[in-house]
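One letter stands for each residue in the lines below.
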Amino acid sequence: MLIQLKTVDSTNKYALDNIDKLSDRDVILAETQTAGRGRLARDWLSPSGENIYCSIVLKNQTNNPLLTILAALAVAQTLRLYVSTRIKWPNDVLVGSKKICGVFAQSNSKGTVIGIGVNINMSVKNLSRIDKPATSLLAETGQKHDKTEVLQQITDRFFLLCDQAQREGFAHLHEIWQNELQLINKKVRVQTVGKEICGTVIQIEQDGALLIETAQGKEKVLAGDVYVV
Ligand code: BTN
């Protein structure tokens, strides 16, 4: 069921706080968030009415990194109906070098929520308030889009991918995701909390981690900002 809220601090927080009353695969969509959060404790700018701010409820699910990977795949594939997208490890969706979507999963003992922010009708003025290069469907196509329709396409595709992963295992989807990232054999610099890792990506593991060959040996990186150098 789609639950639409006007104002909320964060759809992720709302979904986790109310998880007992919610059903599996419910989707919380807010017009605006007063304390939207992203990965690495970043704020997520949430101007009213412009974008998708949503959280998908997955009851009795542990916070498996594969779920955020499937969400990024679902968004990247859906937005391709309108613009050319790519995935930046681990789960940002970009158009060119500008971010159009971020995914942030959180969990508690009752389940996991997959938070998805997609810039749909965000004005150029509001985009310029974001501290990193960002874009929206409006900025890319010059046309306004129906947020709820795009969300429906994203969630339909996400649930299809989840069902496929459950039926067939993750290996095939992992390969699709790995190809989307275009990082194998690339020289990268990864900024993690308090540490920078430089080297060549040799593998992307089944848990989503980057395996990097550095001057000091192999390093596994689970979170951070990756830059191809
Ligand atoms: C990131 O790129 O760091 C992830 C951003 C995720 C933002 C979405 S908006 C809906 C949901 N509620 C939140 O507070 N965050 C996510």
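Residues numbered from 1 in each chain as written. Predicted model: local features only at pLDDT ≥ 70, side-chain atom pairs only at ≥ 80, totals over all residues. Heavy atoms only, no water.

*Asks:* What is the right way to read the domain arrangement of the protein chain from this model?
*Replies:* Think of interface size as the accessible area that goes away when the parts come together; that is how it is often given. By the assigned domains, the protein chain splits into domain 1 (2-178) and domain 2 (183-228). For domain 1 and domain 2, the distance between their C-alpha centroids amounts to 24 Å. At the interface, 15 residues of domain 1 touch 15 residues of domain 2. It is Lys 88, Trp 89 and Gln 178 that lose the most area in domain 1 upon contact with domain 2, and together they represent 50% of the buried surface on that side. Connecting domain 1 to domain 2 are three salt bridges. Here Asp 225 and Arg 39 are joined by a salt bridge, their closest N and O atoms 3.9 Å apart. Linking domain 1 to domain 2 there are six residue pairs in polar contact (both at pLDDT 80 or more). Counting residues per element, the ones that place at least two in the side of domain 1 that touches domain 2 are α2 (65-79) and α6 (171-181). Looking at which element gives the most residues to the side of domain 1 that touches domain 2, the answer is α6, with four residues. (Domains from an automatic or database assignment. Contact = heavy atoms within 4.5 Å. Buried area = accessible area lost by both parts, 1.4 Å probe. Salt bridge = Lys/Arg side-chain N within 4 Å of Asp/Glu carboxyl O. Polar contact = N/O pair within 3.5 Å; in protein donor to acceptor, adjacent residues only side chain to side chain. Helix = DSSP H or I, 4+ residues; strand = E, 2+ residues; numbered from the N terminus.)

*Asks:* Please explain unusual backbone geometry as it appears in this structure.
*Replies:* Trans peptide bonds make up most of the peptide bonds, and negative phi angles are found at most residues other than glycine. Between Trp 89 and the following residue, Pro 90, the backbone shows a cis peptide bond with an omega angle of 0 degrees. Positionally, Pro 90 belongs in the loop between β4 (86-88) and β5 (92-95). Not every positive phi belongs to a glycine, and Arg 25 is a case in point at roughly 75 degrees. Inspection of the secondary structure puts Arg 25 in the loop between α1 (11-17) and β2 (27-33). A relative accessible area of 27% places Arg 25 in the partly exposed class. (Buried < 20%, exposed > 50% of the residue type's maximum accessible area, 1.4 Å probe, protein only.)

*Asks:* Honestly, the packing of α2 against helix α5 (residues 147-168) in this entry has me stumped. Any pointers?
*Replies:* When two helices pack together, their arrangement is given by the angle between the helix axes and by the axis-to-axis distance. The geometry of α2 relative to α5 is characterised by a closest axis approach of 8 Å and an angle of 135 degrees between their N-to-C directions. Compared by their axis directions, α2 and α5 come out oblique. For α2 against α5, the interelement crossing comes out right-handed. Where α2 approaches α5, its residues Leu 67, Leu 70, Ala 71, Leu 73, Ala 74, Val 75, Gln 77, Thr 78 and Leu 79 are matched on the opposing element by Val 150, Gln 153, Ile 154, Arg 157, Phe 158, Leu 161, Cys 162 and Ala 165. (Axes fitted to C-alpha atoms, helices over the stretch in contact; angles between N-to-C directions. Parallel < 35°, antiparallel > 145°, perpendicular 65-115°, else oblique. Left-handed = near helix turned anticlockwise from the far one by under 90°.)

*Asks:* Just checking my understanding: could you explain the sheet that holds β2 for this structure?
*Replies:* Pairing between the strands of a sheet comes from backbone hydrogen bonds, and it takes one of two forms, parallel or antiparallel. One open sheet holds the seven strands; their spatial order is β1-β2-β3-β7-β6-β5-β4, and the pairing between them is mixed. In the strand order of this sheet, the two ends are held by β1 (2-8) and β4, each with one partner. The sheet shows a mean angle of 25 degrees between the axes of neighbouring strands, taken without regard to direction. Those strands touched by α2 are β3 (52-59), β4, β5, β6 (98-108) and β7 (111-118), and its axis lies near 30 degrees from that of β7. Strand contacts of α5: β1, β2, β3 and β7, with the helix running at about 30 degrees to β3, the strand carrying the most contacts. (Pairing = 2+ DSSP bridges.)

*Asks:* What is the right way to read α5 from this model?
*Replies:* Helical geometry: 3.6 residues make up each α-helical turn, so side chains three or four residues apart lie on a common side. Given a rise of 1.5 Å per residue, 22 residues ought to cover 32 Å, and the 31 Å separating the end C-alpha atoms of α5 matches this to within 8%. For α5, the full list of buried residues reads Lys 147, Val 150, Leu 151, Ile 154, Thr 155, Phe 158, Phe 159, Leu 161, Cys 162, Gln 164 and Ala 165. Near the N-terminus of α5, the side chain that reaches the backbone nitrogen of Thr 148, with its oxygen 3.0 Å away, is that of Asp 146. Once α5 finishes, Gly 169 follows within two positions and takes phi at roughly 85 degrees, a positive value. (Expected span 1.5 Å × (residues − 1).)

*Asks:* Explain the sheet that holds strand β9 (residues 195-204) to me, please; I cannot follow it from the model alone.
*Replies:* Spatially, five strands are ordered β11-β10-β9-β8-β12 in an open sheet, and the strand pairing comes out antiparallel. Lying at the two open borders of the sheet, with one neighbouring strand each, are β11 (217-221) and β12 (225-228). When the angles between neighbouring strand axes are averaged without regard to direction, this sheet yields 45 degrees. Examined bridge by bridge, strand β8 (residues 187-192) and β12 share four bridges and lie antiparallel to one another. Across the sheet, residue Val 190 finds its bridge partner in β12, namely Val 226.

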